[in-house]
Every structure is written in structure tokens, then in C-alpha cells.
Amino acid sequence: MPSSTTCSNYLLLLFIPLLICILPSSSSSSSSSNFNQHFQITWGDARAKILNNDQLLTLSLDKASGSGFQSKNQYLFGKIDMQLKLVSGNSAGTVTAYYLSSKGGAWDEIDFEFLGNLSGQPYTLHTNVFSQGKGNREQQFHLWFDPTADFHTYSILWNPQLIVFSVDGTPIREFKNLESIGVAFPKKQAMRIYSSLWNGDDWATRGGLIKTDWSKAPFTASYRNFNADNACIWNSGKSSCTSSKSPASSASWLSQELDSTGQQRLRWVQKNYMIYNYCSDKKRFPQGLPLECTHS
Ligand SMILES: *[C@@H]1O[C@H](CO)[C@@H](O)[C@H](O)[C@H]1NC(C)=O
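What you see is a predicted model; the values in this text were computed from it and never measured.

Novice: Describe the packing of aromatic side chains, and please don't skip the residues or the numbers.
Specialist: This model, assessed by the stated rule, comprises 19 aromatic pairs. A ring pair is formed by Trp144 and Trp268, whose centres lie 5.6 Å apart and whose planes are at 65 degrees; its orientation type is edge-to-face. With Trp144 in the loop between strand S9 (139-141) and strand S10 (152-158) and Trp268 in helix H4 (residues 260-272), this pair connects stretches of sequence that are 124 residues apart. Among the aromatic residues, those joined into a cluster by ring pairs are Phe35, Phe39, Phe69, Tyr223 and Phe226.

Novice: Help me get a handle on the pairing of strand S13 (residues 192-199), residues and values and all.
Specialist: Across 4 bridges, strand S4 (residues 67-71) lies against S13 in antiparallel orientation. The residue of S13 that forms the bridge with Phe69 is Ser195. Summarising the sheet, strand S6 (residues 94-101) and S13 pair through 8 bridges and their orientation is antiparallel. Paired with Thr94 across the bridge in S13 is Asn199.

Novice: Tell me about the state of the cysteines, and name the residues and values.
Specialist: Think of a disulfide as a covalent bridge from one cysteine sulfur atom to another cysteine sulfur atom. Throughout the structure, instances matching the rule amount to 2 disulfides. Between the sulfur atoms of Cys232 and its disulfide mate Cys241 the distance is 2.0 Å. The sign of the -95 degrees torsion about the S-S bond sets the Cys232-Cys241 disulfide as left-handed. Each member of the pair, Cys232 as well as Cys241, carries the same accessibility label: buried. Across the disulfide from Cys279 sits Cys293; the S-S distance is 2.0 Å. Here the S-S torsion is close to -75 degrees, and the disulfide linking Cys279 with Cys293 is therefore left-handed. Taken together, the positions of Cys279 in the segment after strand S16 (274-277) and Cys293 in the segment after S16 put the pair 14 residues apart, joining distant regions of the chain. The pair Cys279 / Cys293 is uniform in exposure class, with both members buried. For the protein chain, the disulfide bridges join cysteines in the arrangement 1-2, 3-4, where the cysteines are counted in sequence order.

Basis of the calculations
- Residues numbered from 1 in each chain as written.
- Predicted model: local features only at pLDDT ≥ 70, side-chain atom pairs only at ≥ 80, totals over all residues.
- Heavy atoms only, no water.
- Phe/Tyr/Trp six-rings, centres within 6.5 Å; stacked < 30°, edge-to-face > 60°.
- Helix = DSSP H or I, 4+ residues; strand = E, 2+ residues; numbered from the N terminus.
- Pairing = 2+ DSSP bridges.
- Disulfide = S-S within 2.5 Å.
- Buried < 20%, exposed > 50% of the residue type's maximum accessible area, 1.4 Å probe, protein only.

In C-alpha cells, the structure reads:
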């Protein structure tokens with residue numbers, strides 16, 4: 001009977017969109033947290049673990065070794081978010097590094113490093129930008145919350161105009177593209193994401209005065225909600241952003257700059273939480289401050 005066939009066809013047609021809606025939902029949200037898909041553990045053996053159905057990654061450090069992971073993809077520009085919960089209690093001497101880096105002698109790098117401290121003393125968030133192998137651009141901050149009590153989002157916006165470091169959406173540092181005045185800017189070398197937890201007690205806490213207390217080991221840092229949905233994956237000389245599917249021109253983050261609210265919050269952080277700025281360290285640069293310092 002033709003009419004019943006038509007009817008069951010209609011039913012099928014009704015169900016297909018339902019199935020489409022139900023089935024991929026797990027894989028479409030996976031891009032925001034799918035550690036096995038996006039990362040590989042690179043060192044530390046079982047000290048690095050991917051847990052909770054791929055939603056959580058933990059690194060640990062004991063006297064014998066730290067641990068680390070890196071992204072499978074390389075990126076050339078992106079807005080990359082990760083939530084971290086840092087080593088709690090007496091974390092003095094521990095360093096949790098979370099950064100983007102390219103390879104080779106003239107590498108580019110964008111760094112977050114979290115320097116632990118004695119219980120109740122503030123972590124130092126250390127940042128740096130390397131372009132073509134040149135760094136020496138440290139800015140350090142204390143945070144306006146306890147980064148060990150809960151997860152917080154640490155983001156890097158990297159596009160051809162600027163690099164912005166943000167914490168929970170608040171910009172803490174901006175590094176502008178000042179190629180026009182002769183400052184190299186990272187824009188030609190693809191970078192991987194790296195993270196590691198290691199013992200930095202020769203320098204991390206009060207310049208190395210406070211040593212890691214191994215009786216508190218293992219130390220653990222946790223990661224979740226990785227999101228690089230707005231990033232250009234670089235693969236065999238091609239960017240995912242220039243494919244016809246997602247023309248670069250349509251991605252607003254690729255041309256995003258700090259709006260006036262962003263500028264205001266950046267100034268608030270720099271005024272109240274910045275504890276070191278290479279651009280104010282005249283003693284360190286007796287020949288004169290780096291060029292970018294006089295143009296921001
Ligand atoms: C540790 O705490 C001291 C005292 O509050 C502070 O000066 C220092 O910046 C903190 N961080 C590190 C990494 O030493």
C-alpha cells in the first residue's frame with residue numbers, strides 16, 4: 001500500500017533529524033574537553049593521567065620526576081582556553097608551566113608559568129613572550145583569588161595584531177604587534193601547547209630560597225575544559241582557517257583587539273596585581289628599555 005509506505009517514510013524523516021541531534025552531541029562538545037583527542041602525555045609515565053571519561057587531566061610531581069603533556073596539533077593563531085587548578089598547600093618550589101611554543105633556534109613562545117609558594121602565600125603568575133628566540137619580556141602577577149581552591153580559566157588570544165593573556169576573561173597582559181617599529185612578532189611559526197609540572201626550587205620561590213618540601217609529595221595540578229574551537233590548526237603547510245569552510249575573514253577573534261572595557265580591566269590588573277614588569281626595570285636594561293616598552 002503506497003500510502004503506508006509514504007507514512008513510514010515520513011516517520012523516518014522525522015526520526016533522522018532526531019538521531020542527528022542526539023548522536024553527535026557528545027562529539028561536538030568533545031572539542032571543548034577531549035584530552036585524548038587533543039593531547040599526548042610526553043613524560044613522567046603514570047604521573048600524568050587522563051581521567052573522568054576524558055574530561056580531566058592531572059599532572060604530578062614527586063622527588064623522582066615531574067610530568068608533562070603536549071598538544072597533538074600545531075596552531076598558527078588561536079583563542080585557546082584551559083582551566084587549571086594548581087598544586088595546593090605548600091607548593092613552594094613547584095612550577096606549573098602552560099605555554100605555546102614553536103621549535104628551532106629562532107622559536108616563538110607564549111608562556112604562563114605558575115610558581116608555587118608556602119601555604120597561604122600567593123602564587124606568582126609569571127608570563128613571557130619570545131619572538132624569534134628573543135624573550136626577556138617577563139611580567140609577573142599575583143592573582144585576585146586562590147588558584148588552588150578551584151579551576152580558573154587561563155586564555156591566550158593570539159592573532160596577527162596582538163597576544164592577550166587573560167585570567168577568567170580578564171586581560172592581564174597585552175603584547176602588540178609592533179613590527180612597524182622593528183619588534184619581531186610571532187606570526188610565521190606554528191606552535192604546540194605544552195604543559196608540565198616540575199621542580200623549580202633552584203629559582204621559583206623567592207628566588208630559590210624556599211625549597212620543595214618532598215614530605216608533601218606527590219604534588220598535583222589538574223586541567224579541564226580545554227577549548228581551541230577558535231584556533232587555526234597548522235598541518236603540512238596549511239591552515240585550517242584558510243579552507244573554504246571557514247574563511248579567516250569571518251573569524252572575529254582573528255582581528256579582535258581589546259575594547260575599552262578590556263583596556264580598563266587590564267589597567268586594573270596591572271595597577272593592583274602586577275609585581276614585576278620588565279618594562280619598568282631600568283637597572284636591567286642600562287642601554288635603554290626594549291623598544292616595545294616605549295610604544296605601549
Ligand atoms: C610567595 O610569597 C611571598 C610573600 O608574600 C611573595 O613575596 C612572593 O611573591 C610569593 N611568590 C613566590 C613565587 O615567591
